[in-house]
Amino acid sequence: MKEFIEKIAFTKSASGKETGSRTAVEKLEESQWNLNKSFKNRIGEYMIEKLIFVLGITALLIMGLIFVFLIRTGFRLFEDVTLGQFLMGREWYPNATNPRFGILPMIAGTTMVTVGAILISVPIGIGSAIFIAEVAPPKTKTVFKVIIEFLSAIPSVVLGFLGIVVLSNWVRISFNLSSGFTVLTGSIMISLMALPTIISVADDAIRALPDEYREASLALGASKWETIKNVLLPAASSGIIAAVMLGVGRAIGETMAVMMVMGNAVQIPSSFLVSGRTMTATIAAEMGDTVRNGTHYNALFAIGVVLLLMTSIINIISEFVLHRAQKEGR
Amino acid sequence: MEQSQIKEKTIFKKDERKRNTQKIMFALFTLCMLAVIIPTILIIGFIIVKGVGTVNWSFISEMPRMGMKEGGILPAIVGTLYLVVGTILFSFPLGVGAAIYLTEYAEQGKLTRLIRIAVLNLAGVPSIVYGLFGLGLFVFFLGFGSSIIAGALTLACLILPIIITTSEEAIKSVPDGYREASLAVGASKWETILHVVLPRAMPGILTGGILGIGRAAGETAPILLTVAAFFIPRMPNSLFDQVMALPYHLYIVSTQVPGMPESIKYGTALVLLGLVGVFFLIATLIRLKFKNSTS
Amino acid sequence: MSIIEVKDLDLFYGDFQALKKVNTVIEKNKVSALIGPSGCGKSTFLRTLNRMNDLIRNVKINGQVMFEGREIYDEDLDVVALRRKIGMVFQKPNPFPKSVYENVAYGPRRCGVKNKRDLDRIVEESLKEAALWEEVKDRLNKSALGLSGGQQQRLCIARALAMKPEVLLMDEPTSALDPIATNKIEDLITQLKKHYTIVIVTHSMHQAARISDYTNFFLMGELVEKDGTDKIFTNPKDQRTEDYVTGRFG
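Residues numbered from 1 in each chain as written. Chains lettered and ligands numbered in written order. Predicted model: local features only at pLDDT ≥ 70, side-chain atom pairs only at ≥ 80, totals over all residues. Heavy atoms only, no water.

*Asks:* Provide a residue-level description of the overall build of chain A, including the pertinent values.
*Replies:* When helices and strands are tallied, chain A shows 13 helices and 2 strands. Considering only contacts within chain A whose residues lie at least 6 apart along the sequence, 68% involve residues at least 24 apart. With an accessible surface of roughly 14600 Å², chain A has 65% of that area assigned to carbon and sulfur atoms. (Helix = DSSP H or I, 4+ residues; strand = E, 2+ residues; numbered from the N terminus. Contact = heavy atoms within 4.5 Å. Areas by Shrake-Rupley, 256 points an atom, 1.4 Å probe, with all protein chains shown as cover.)

Below, the structure written as structure tokens:
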């Protein structure tokens, strides 16, 4: 408060000084503004700065709390189960009289479905990104980008629903299976969700390259494709790697669609054509049956911690890769 | 003499092989693109064609009957609207405030870089993890129970990183010339932010924010743990009530209730897709309009 | 009579010293030009006068800048109040993406002038002072971005004048403009010095010679020479100044 008053005092003395040249009315008007303004706004300004500070800190604090809450609850599991039993155990019987909490089948399920999704979405995604960045005429580009963005906006439960009514039937008939709820079905679903991420990040990476690269290569007589292959793709490689990693992160975290189309059998999938269960689906499907702070409840939080760590590592590495890519671009 | 003529010819002759490789590759890229575009259009078209017969006024304005196998989906629509409004109220002030703080006030250095990485990371954390967080903090620790407020807060946390990053980008893209001009005529820092920076950044903030809200409206996993009710055939009385919600309702009718008529499933899917589509459309229109007005 | 006095001013960007022991005075109701080759520190110096360098990180300033007898780097000083007294026009015209009227009214509004009649009067006076009124009086509510470059720059001058400042700082105000627009601004500056003190950074020695009363020649962060413009251009004391004004380098 003391600071304010001193600052106001200066304004008064500065504007009170007469300098001739302009009319007295104007002078008076001027000093009035300065006074009014300073007094009201100094306090307002001070309050608003503090408010923004509080808002900002609150938002950031909440983000921090996520880690705290998950880890605190998840780690209680290890009062009952060892880390080895949890991560390496093949048996998941949370409600048995002698319960088992081994999540290896879920880790395997998540890994398989992610690998499948990446095998499908990476080639298609990078090809699409090249198409949008280098081949498509501007109007097509705008329209396609909007469609791709809408794909990312479709709720995963809607995709899961279509997975049940359309895709699983197609998988069942095409591969002559008794059930269409397989890892492959999940992989296809997830690839649809990872594609927008991969395309947009890879597209940004390619388009961020300076035009000089293209001009230099074309001026040497290289064709457009040779320019893309030999100059642009290598130069944008960090960005493309980041795109793939973010796609992986997206795939690992997807819940509803995979829960709806993968059959959710607790088993280490022997191929892409059998049922499997992911970590995310386990949490979503079983949380309703748990008692607060029971071992099962804690185990689901512990799965959450594993997911949080996996995705965080991927996100942070890809952030560094992207950051480096941006620096190189400059 | 002869040799140089040949040379000349080869130089200016179009290289057929080169051209064919390029043609093949470009065709391949086009195919990749179509492999994304066509399924997307099919998905949207399929839901519209199959659902449009069901969605009428009574479907969106009536209570479900007969174990949800007849009647409308009003409580699910209302529940989702409550959640969306709550999410907006919590996430916008916090997110935009945090973005202003990070870009305009915070000392730029290692700490802000760290915070940015943390925020970006949180944007990629699975939504089910947010569900767990909401369950632990809002439902149990703060004692809100399964309720609208717990669900809205959870969804707000989920989209907070999106709002912070997009707002930050929008604020940073405002040219410094405007800030300087405003400060040079004796506007204070906050006045400059309020009257010059924010109006200019608003389209970007809104686009990101609305896309985030659209995402929140369609999320199932977080509300599964924090708010959603299987079946409550009445309107909520307070913020601490459980509600039905569209995405969760779609999950239930398509997997949990045997003998559910197809029409109800497609109708629910269409209403949900339509709601998300409206958010998407608004955001896209703002963005396109803004693009035209700046260039 | 001097309005600004600068004593032993040093300025560092991190480790780089951009200004070295600058001593000069700015005379009231005169046009002072700052000239010198690119990177000599003339723009940096201009920006120390209304503390616009505060916006840049890692800037360290030693020495004294006195405005009307008051040290402007004093901790108690209200920068906002100072900038109302010392207006600024930038190299590139930077009107806000608002209407012509709102651009000029922006500053007064921030000072709490709400009365529509007062605002109208201030806007009209300022636009007249900036010799823009006749050209824009019919389109006050149209976007300022629709004006030509020269008009935009005069609008920025009007925007600064609306605050009734004592001093007007101009950072190469004509470098982005064509010769005709430049002429208009130069005429305007000559008009304005009746009521305002003007400090102008310019790349063009001819411009300095045409419009300024005093000239400060900067080289590598040092103020080499300050004197009446006639003297600087006809009879400089320092060899380096002579080399520069006769075009031997720069």
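Past the structure itself, the notes keep going.
*Asks:* Give a detailed account of the interface of chain B and chain A, specifying residues and quantitative values.
*Replies:* Between chain B and chain A, the contact holds 79 residues from the first and 81 residues from the second. Counting the contacts that link chain B with chain A gives 2 salt bridges. A salt bridge links Arg113 of chain B to Glu319 of chain A; the shortest N-O distance between them is 3.7 Å. The interface formed by chain B and chain A includes 8 residue pairs in polar contact (both at pLDDT 80 or more). Here the side of chain B that touches chain A gets 19 residues from one element, more than from any other, and that element is helix H2 (residues 16-51) of chain B. (Salt bridge = Lys/Arg side-chain N within 4 Å of Asp/Glu carboxyl O. Polar contact = N/O pair within 3.5 Å; in protein donor to acceptor, adjacent residues only side chain to side chain.)

*Asks:* So what about the nonpolar core? Which residues, and what values?
*Replies:* Grouped burial of nonpolar side chains is what soluble globular proteins tend to show. Ranked by size, the top nonpolar core spans 225 residues in total, and within it Met33, Phe133 and Tyr251 of chain B together with Ile4 and Phe45 of chain C carry the most contacts. Both domains that meet at this core, namely domain 1 (2-77) and domain 2 (85-329) of chain A, each give it at least three residues. When neighbours within four sequence positions are excluded, Phe133 of chain B is seen to be in contact with Ile62, Leu65, Ile66, Phe69 and Leu70 of chain A together with Phe138 and Cys157 of chain B. (Core = buried A, V, L, I, M, F, W, Y, C linked by side-chain atoms within 4.5 Å. Buried < 20%, exposed > 50% of the residue type's maximum accessible area, 1.4 Å probe, protein only. Domains from an automatic or database assignment.)

*Asks:* Describe the pattern of salt bridges, and please don't skip the residues or the numbers.
*Replies:* Under the defined criterion, the tally for this structure stands at 32 salt bridges over all chains. Here Asp120 of chain C makes a salt bridge to Lys116 of chain C, at a shortest N to O gap of 3.1 Å. Of this pair, Asp120 of chain C and Lys116 of chain C both sit in helix H4 (residues 116-129), 4 residues apart, which is roughly one turn of that helix. Note on Asp120 of chain C: relative accessible area 31%, which makes it partly exposed. Taken together, the shared-partner salt bridges in this structure form one network comprising Lys145, Asp203, Asp204 and Arg207 of chain A.

*Asks:* Lay out the pairing of strand E3 (residues 31-35) of chain C with the relevant residues and their values.
*Replies:* All names here are of chain C. In terms of burial, E3 is a largely internal element, 5 of the 5 residues being buried. Judged by which residues are buried, E3 turns out to be covered on both faces: Val31, Ala33 and Ile35 on one side and Ser32 and Leu34 on the other are all buried. As judged from the 4 bridges shared by E3 and strand E8 (residues 197-201), these two strands associate in the parallel manner. Across the sheet, residue Ser32 finds its bridge partner in E8, namely Val199. Strand direction decides the pairing type here: E3 and strand E9 (residues 214-219), joined by 4 bridges, are parallel. Bridged to Ser32 within E9 is Tyr214. (Pairing = 2+ DSSP bridges.)

*Asks:* Give a detailed account of the domain arrangement of chain A, specifying residues and quantitative values.
*Replies:* All names here are of chain A. Partitioning chain A into structural domains gives domain 1 (2-77) and domain 2 (85-329). Each partner contributes to the interface: domain 1 provides 8 residues, whereas domain 2 provides 12 residues. Note on domain 1 versus domain 2: buried area summed over both sides is about 880 Å², and carbon and sulfur give 82% of it. Among the residues domain 1 hides against domain 2, the three largest losses belong to Leu70, Thr73 and Leu77. Together they make up 57% of the total. In this assembly, domain 1 and domain 2 are joined by 0 salt bridges. Here domain 1 is connected to domain 2 by 1 residue pair in polar contact (both at pLDDT 80 or more). When the residues that make up the side of domain 1 that touches domain 2 are grouped by side-chain class, the tally is 5 nonpolar, 2 polar and 1 charged. (Buried area = accessible area lost by both parts, 1.4 Å probe. Nonpolar A, V, L, I, M, F, W, Y, C, P; charged D, E, K, R; others polar.)

*Asks:* Describe the side chain of Glu219 of chain B, with residues and values.
*Replies:* All names here are of chain B. Along the chain, Glu219 falls in the loop between helix H9 (189-218) and helix H10 (221-226). Judged by its relative accessible area of 11%, Glu219 is buried. Polar contacts involving the side chain of Glu219 include one to the side chain of Ser127, which spans 3.1 Å. What Glu219 contacts, discounting residues up to four positions off in sequence, is Ser127, Leu155, Leu158 and Pro247.

*Asks:* Pulling in residues and values, what's your account of helix H7 (residues 183-207) of chain A?
*Replies:* Side chains that are three or four residues apart share a direction in an α-helix, a result of its 3.6 residues per turn. Residues and elements named next belong to chain A. Here H7 spans 35 Å end to end across 25 residues, near enough to the 36 Å set by a 1.5 Å rise per residue. The principal kink in H7, of about 35°, is found at Ala194, preceding the proline Pro196 by one to four residues. Most of H7 sits inside the fold, with 21 of its 25 residues counted as buried. Measuring from the side-chain oxygen of the N-cap residue of H7 to the backbone nitrogen of Leu184 gives 3.3 Å; that N-cap residue is Thr182. (Expected span 1.5 Å × (residues − 1). Bend = angle between axes of the 7 residues up to and from the residue.)

*Asks:* Talk me through unusual backbone geometry; I want residue IDs and the actual numbers.
*Replies:* Residue and element names in this part refer to chain C. In this structure, Asp8 takes a positive phi of about 45° despite not being glycine. By the element assignment, Asp8 lies in strand E1 (residues 2-13). In this structure, Lys164 takes a positive phi of about 50° despite not being glycine. Assignment of secondary structure puts Lys164 in the loop between helix H6 (149-161) and strand E7 (167-171). Lys164 sits in the buried class, given a relative accessible area of 5%.

*Asks:* Break down helix H4 (residues 74-105) of chain B for me, citing the residues and quoting the values.
*Replies:* Residue and element names in this part refer to chain B. Between its terminal C-alpha atoms H4 stretches 45 Å, which fits the 46 Å expected from 32 residues at 1.5 Å a residue. If you look at H4, its biggest bend is around 30°, right at Ser91, and the proline Pro93 turns up within four residues after that. Along H4, 24 of the 32 residues are buried, which leaves the element largely enclosed by surrounding structure.

*Asks:* Mind laying out the confidence of the model for chain C, listing which residues take part and the relevant values?
*Replies:* Close reading of the predicted structure is inappropriate where its pLDDT is low. Looking at chain C, the pLDDT average stands at 89 and 99% of residues meet or exceed 70. No element of chain C has a lower mean pLDDT than helix H2 (residues 79-85) of chain C, which averages 83, and none a higher one than E8 of chain C, which averages 94. (pLDDT = per-residue confidence, 0-100.)

*Asks:* Any details on a nonpolar patch on the surface? Residues and values, ideally.
*Replies:* On the surface, Leu28, Leu31, Leu34, Ile38 and Leu42 of chain B cluster together into a nonpolar patch covering about 460 Å² of accessible area. Along the chain, Leu28 of chain B falls in helix H2. (Patch = residues over 30% accessible without salt bridge, like charges linked within 9 Å, V, L, I, M, F, W, Y side chains within 5 Å.)

*Asks:* Just give me the short version of the packing of aromatic side chains, but keep the residues and values in it.
*Replies:* Inspection of the entire model under this criterion finds 21 aromatic pairs over all chains. Ring centres of Tyr297 of chain A and Phe301 of chain A lie 4.8 Å apart, and the angle between their planes is 40°; this geometry places the pair in the tilted category. Note that Tyr297 of chain A and Phe301 of chain A are positioned in helix H13 (residues 295-329) at a spacing of 4 residues, about one turn of the helix. Residue Phe301 of chain A is classed as buried on the basis of its relative accessible area, which comes to 0%. Judged by centre distance (4.9 Å) and plane angle (25°), the ring pair of Phe217 of chain C and Tyr244 of chain C falls under stacked. One end of the pair, Phe217 of chain C, is in strand E9; the other, Tyr244 of chain C, is in helix H10 (residues 239-245), with 27 residues separating them in the sequence. The exposure classification of Phe217 of chain C matches that of Tyr244 of chain C, with both residues buried. Each member of the aromatic cluster is reached from another via a ring pair, and the members are Phe69 of chain A together with Phe133, Phe138 and Phe141 of chain B. For the cation-ring pair, Lys50 of chain A lies above Tyr46 of chain A, with the distance from its terminal atom to the ring centre recorded as 5.2 Å. The aromatic ring of Phe69 of chain A is capped on one face by Arg72 of chain A, whose charged end is 5.2 Å from the ring centroid. (Phe/Tyr/Trp six-rings, centres within 6.5 Å; stacked < 30°, edge-to-face > 60°. Lys NZ or Arg CZ within 6 Å of the ring centre and 35° of its normal.)

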